[in-house]
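So you can see what is in the structure, the chains are spelled out below.
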Amino acid sequence: NVDLYKEWAAQYDSDLSGHGYDAPRVVAFELQRGLAGFCAGTDKKPEEFTFLDVGSGTGMVAEQLYPLGFRLIDALDTSQEMLDVAKSKGVYRSLICADGNNGSAVPRA
């Protein structure tokens, strides 16, 4: 519901953090671990991969990935207000406000 996130955007991070929400850290850890295994024996580094953070919200996952060296992260969310919060964190290469459930609404790279 876009209206819910529009209203919640400014408080979203603090509301979830206050309840011990740890999923962004877990996702970042597992992604880093999985890519390290995938890249083993190659000259590819996990930090060289490009990511589309679908349903990025305020950027909580990218905020965990960025200190690990990941820089090629693009955000996709239906809520411009959530993306505005994400933009303030400086962890995304680009931000796209579109409905990820409708592929035709997503700009082609």
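As the structure is a prediction and not an experimental result, all values here were calculated from the model.

What counts, and where the lines are drawn
Residues numbered from 1 in each chain as written. Predicted model: local features only at pLDDT ≥ 70, side-chain atom pairs only at ≥ 80, totals over all residues. Heavy atoms only, no water. pLDDT = per-residue confidence, 0-100. Helix = DSSP H or I, 4+ residues; strand = E, 2+ residues; numbered from the N terminus. Salt bridge = Lys/Arg side-chain N within 4 Å of Asp/Glu carboxyl O. Buried < 20%, exposed > 50% of the residue type's maximum accessible area, 1.4 Å probe, protein only. Arc of directions from axis to C-beta. Pairing = 2+ DSSP bridges. Axes fitted to C-alpha atoms, helices over the stretch in contact; angles between N-to-C directions. Contact = heavy atoms within 4.5 Å.

> Sorry if this is basic, but what is going on with the confidence of the model for the protein here?
Caution applies to low-pLDDT regions: their predicted coordinates should not be interpreted in detail. Of all residues in the protein, 94% attain a pLDDT of 70 or more, and the chain-wide mean is 90. Least confident of the elements in the protein is helix α1 (residues 2-8), whose mean pLDDT is 91; most confident is helix α5 (residues 80-89), at 98.

> Help me understand the pattern of salt bridges in this model?
All chains considered together, the criterion is met by six salt bridges. Between E30 and R33 there is a salt bridge; the shortest N-O distance is 2.6 Å. A residue pair is termed a helical-turn pair when its members lie 3 or 4 positions apart in one helix, as E30 and R33 do in helix α3 (residues 23-39) at three residues. Here the salt bridges do not stand alone but share partners, grouping D13, E63 and K89 into one network.

> Sorry if this is basic, but what is going on with α5 here?
At 3.6 residues per turn, the α-helix brings residues three or four places apart onto the same side. Of all the positions in α5, only M82, L83 and A86 are classed as buried. In a view along the axis of α5, the buried residues occupy a sector of 95 degrees, so they form one face of it. Exposed residues pointing more than 90 degrees away from the buried face of α5 are listed as K87 and S88. Positive phi shows up at G90, right after α5, with a value of about 65 degrees.

> I'm lost on the sheet that holds strand β2 (residues 73-77) in this one. Help?
Strands in a sheet are paired, the pairing made by backbone hydrogen bonds, and the direction either parallel or antiparallel. If you walk across this open sheet you meet the three strands as β1-β2-β3, and the pairing is parallel. With one partner strand each, in any of the chains shown, β1 (51-54) and β3 (94-97) form the two edges of the open sheet. Sheet twist, expressed as the average angle between the axes of neighbouring strands with direction ignored, equals 20 degrees. Judged from the four bridges that link them, β1 and β2 form a sheet pairing that is parallel. Within β2, the residue paired with L52 across the bridge is D74. With respect to the sheet, α5 is in contact with β2 and β3, its orientation differing from that of β3 by roughly 170 degrees.

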